[in-house]
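Coordinate inspection notes
Here's the letter readout for the chains.
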Amino acid sequence: MNTIFEPITIKSVTIPNRLGMPPMCQYSAQNGLANNWHLVHYGTRATGGIGLIIVEATGVSPEGRITPYDLGIWDDSHVEPLTKITQFIHSQGAVAAIQLAHAGRKASHDAPVNGGKQLGTHNGGWETVAPSPIPFDPNEIKPKALTTTEIEKIIFDFREAAKRALAAGFKIIEIHAAHGYLVHQFLSPLTNVRTDEFGGSFENRSRLLLQIVDAVQEVWPLDLPLFVRLSATDWKENGWDLAETIQLCQILKNKGVDLIDCSSGGNILDANMEIKPLYQVVFSEAIRKTGIKTAAVGLITKSEQIVKILENNQADIVLIGRELLRNPYFALYIDEKNRPQWPVQYLRAK
Ligand SMILES: Cc1cc2nc3c(=O)[nH]c(=O)nc-3n(C[C@H](O)[C@H](O)[C@H](O)COP(=O)(O)O)c2cc1C
């Protein structure tokens, strides 16, 4: 039986407990470069005893960013500021992971704090790309359908990004294939109506993700873990669903992917989602039955919920998102044996 503060070893990496911070965009970078905000933000959750810190969606190319303020990893200059973050996270005993991302048709938007509207080429945005020229919102500019040569370039960008992630000291890569971003757009028949080898059948729609996994594995050491974040369902009839997700996870497992971060939705504007506490845990439980490790995420805010998820074998790791934005020291207050040590600097406050 797993408990919150039991370490988990995946390949050569030991995560000190079962608590993780999921990737959460901060929209605080300029030219993709991490800065003091990112160092303090991620560092604080590491001092707070969270075992796994997954750095936010980080663009493998400038046009792969959701906003002009996303982190990037398309240039060697991005490595040094990310290295400061991984070094600090590791100095606190936590493990640093990074989510590699391409936003596809959901790229080129303003930051949420500015209203989050699509940006055109006239006001700081860029032309977006997708499997098919279908916009996320009918009021938005249509994305350009990618040619096969352009798809190959994106696969190459993920490979180069993985090399830089290694150089920056990350111990885990998570490929972002969820939430309606580029890879998910390829997986779903609602957003991918291509007639070439990247569209149509399940096999063809999965091809981009599988080729990205291959490309990353060419440069990512065999003894370091590789995660994939998936949306287990589009929450829409005739869309990507749990059955296809499970089929895909079996293939990913055989390819040597270590863990599926089990999310859902984000691909379709009018999806029928019912968001309530623990609403995605069932996906994690079903995917875990294929034999691959999973992380559960989504409206999990209480230690009792985490204990139950682990005791019921519904996930190997539990990710706590917005609760960690409210309370970075969540883990230090969990009343269980072996909980993380308070930072020695703070002991007088305990
Ligand atoms: C501010 C914010 C930014 C987010 N950015 C990302 C991201 O970069 N990549 C991603 O896969 N999910 C992102 N998400 C989704 C979270 O990783 C998580 O799945 C979601 O918030 C549900 O977990 P929670 O209910 O514990 O917050 C973001 C969520 C928030 C609140």
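Now for a quick tour of the structure. (Residues numbered from 1 in each chain as written. Predicted model: local features only at pLDDT ≥ 70, side-chain atom pairs only at ≥ 80, totals over all residues.)

Another aspect to go through is the site of the ligand. Taken together, 20 residues sit near the ligand, with Pro22, Met24, Ala57, Gly321 and Arg322 positioned nearest. Listed by contribution, the elements that provide at least two residues to the shell around the ligand are β4 (52–59) and α9 (322–326). For the shell around the ligand, the residue count by class is 10 nonpolar, 6 polar and 4 charged. (Near = placed C-beta within 6 Å. Helix = DSSP H or I, 4+ residues; strand = E, 2+ residues; numbered from the N terminus. Nonpolar A, V, L, I, M, F, W, Y, C, P; charged D, E, K, R; others polar.)

Let us look at helix α1 (residues 36–47). Taking 1.5 Å of rise per residue, the 12 residues of α1 would be expected to cover 16 Å, and the 16 Å separating its terminal C-alpha atoms lies within 8% of that figure. Along α1, the residues classified as buried are His38, His41, Tyr42, Gly43, Arg45, Ala46 and Thr47. On its buried side, α1 packs onto β3 (19–21), β4, α2 (79–91) and α9. Directly after α1, the chain includes Gly49, whose backbone phi takes a positive value near 90°. (Expected span 1.5 Å × (residues − 1). Buried ≥ 20, exposed ≤ 12 C-beta atoms within 10 Å, placed from the backbone. Contact = placed C-beta atoms within 7 Å.)

Structurally, the position occupied by Ala161 is in helix α3 (residues 148–167). Looking at Ala161, the number of C-beta atoms within 10 Å reads 28, which means it is buried. Considered as a pair, Ala161 and Leu252 are 91 residues apart in the sequence and their alpha carbons are 20 Å apart. Other than its neighbours up to four places away in sequence, Ala161 contacts Val60, Ile73, Trp74 and Leu100.

Formed by 90 residues in total, the largest nonpolar core has its most connected members in Ile53, Ala97, Leu100, Ile173, Val216, Ala296 and Val318. When residues no more than four places from it in sequence are discounted, the contact partners of Ala97 are Leu52, Ile53, Ile54, Val55, Phe170, Lys171, Ile172, Ile173, Glu174 and Phe227. (Core = buried A, V, L, I, M, F, W, Y, C linked by C-beta atoms within 7 Å.)

Judged by how many residues are buried, strand β6 (residues 95–101) sits mostly within the fold: 7 of 7 residues are covered. Every second residue of β6 is oriented toward a common face, with Val95, Ala97, Gln99 and Ala101 on one face and Ala96, Ile98 and Leu100 on the other, all of them buried. As judged from the 7 bridges shared by β4 and β6, these two strands associate in the parallel manner. Looking at β6, one finds that Ile53 is bridged to Ala96. Pairing between β6 and strand β9 (residues 172–177): 4 bridges, direction parallel. The residue bridging Gln99 from the neighbouring strand is Glu174, located in β9. (Pairing = 2+ DSSP bridges.)

Before going further, it helps to spend a moment on helix α8 (residues 303–311). Of the positions making up α8, those classed as buried are Ile306, Ile309 and Leu310. The buried side chains of α8 occupy one side of the element, clustering within an arc of 95° when seen end-on. Those residues of α8 that are exposed and angled more than 90 degrees off the buried face are Glu304 and Glu311. In the core, the buried residues of α8 are packed alongside α7 (281–288), β12 (293–297) and β13 (317–319). Asn313 occupies a position one or two residues after α8 and carries a positive phi of about 55°. (Arc of directions from axis to C-beta.)

The N-to-C vectors of α1 and α2 enclose an angle of 15°; their axes lie 9 Å apart at closest approach. The angle between α1 and α2 places the two elements in the roughly parallel class. Along this stretch, α1 crosses α2, giving a crossing that reads as right-handed. Counted together, His38, Leu39, Tyr42, Gly43 and Ala46 of α1 and Lys84, Ile85, Phe88 and Ile89 of α2 form the full contact between these two elements. Class assignment of the residues belonging to the contact of α1 with α2 gives a composition of 6 nonpolar, 2 polar and 1 charged. (Axes fitted to C-alpha atoms, helices over the stretch in contact; angles between N-to-C directions. Parallel < 35°, antiparallel > 145°, perpendicular 65-115°, else oblique. Left-handed = near helix turned anticlockwise from the far one by under 90°.)

These figures capture arrangement, not role.
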